[in-house]
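Coordinate inspection notes
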Amino acid sequence: MKAIIIEDEKPSARRLHRMLEALNITPEVMLHSVHESVEYLLNHPAPDLIFLDIQLSDGLSFEIFDQVDVSSAIIFTTAYDEYALKAFKLNSIDYL
């Protein structure tokens, strides 16, 4: 399974990476901003799964979908519950 992590808080990104590796899922890359994520998604094949924080260092992760057509399954990983409804309108399969 090809997975990526998009999370601007490095300790959270590392923790999620370790948790996924314990499940034998090795994330291909960890991205930390909307800009970086857009560039990656435009220039690489779509991953099977994206673990995605909502509030990134340069904006809300929803801005990624304004610039890239993302067909991957998405699991939102955030502390903000006010974005849950908007998240499920995308390809979201879970909201942690």
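Residues numbered from 1 in each chain as written. Predicted model: local features only at pLDDT ≥ 70, side-chain atom pairs only at ≥ 80, totals over all residues. Heavy atoms only, no water.

1. Focus: the packing of aromatic side chains
The final tally for this structure, using the stated rule, is one aromatic pair. When the centroid spacing of 5.8 Å and the interplanar angle of 40° are considered together, the rings of Phe62 and Phe76 count as tilted. With Phe62 in helix α3 (residues 62–67) and Phe76 in strand β6 (residues 73–76), the pair connects residues that are 14 residues apart, well separated along the chain. This pair shows no difference in class: Phe62 is buried, exactly as Phe76 is. (Phe/Tyr/Trp six-rings, centres within 6.5 Å; stacked < 30°, edge-to-face > 60°. Helix = DSSP H or I, 4+ residues; strand = E, 2+ residues; numbered from the N terminus. Buried < 20%, exposed > 50% of the residue type's maximum accessible area, 1.4 Å probe, protein only.)

2. Structural notes on the confidence of the model for the chain
Mean pLDDT for the chain: 86, with 81% of residues reaching 70 or above. Across the chain, element-level confidence peaks in helix α2 (residues 34–43) with a mean pLDDT of 97 and bottoms out in strand β7 (residues 92–95) with 52. (pLDDT = per-residue confidence, 0-100.)

3. Here's the deal with the environment of Asp53
When you line up the elements, Asp53 lands in the loop between β3 (49–52) and β4 (55–56). Along the primary structure Asp53 and Thr77 are separated by 24 residues, whereas in three dimensions their C-alpha atoms are 4.9 Å apart.

4. Overview of helix α1 (residues 10–22)
Between the first and last C-alpha of α1 there are 18 Å, a value that for 13 residues agrees with the 18 Å anticipated at 1.5 Å per step. Regarding α1, the residues found buried are Ala13, Leu16, His17 and Leu20. Projected onto a plane normal to the axis of α1, the buried residues spread over an arc of 105° and lie on a single side. The exposed residues of α1 that point more than 90 degrees off its buried face are Pro11, Arg15, Arg18 and Ala22. Residues of α1 that are buried in the fold lie against β1 (3–6), β2 (29–31) and β3. Two residues or fewer after α1 comes Asn24, characterised by a positive phi angle close to 65°. (Expected span 1.5 Å × (residues − 1). Arc of directions from axis to C-beta. Contact = heavy atoms within 4.5 Å.)

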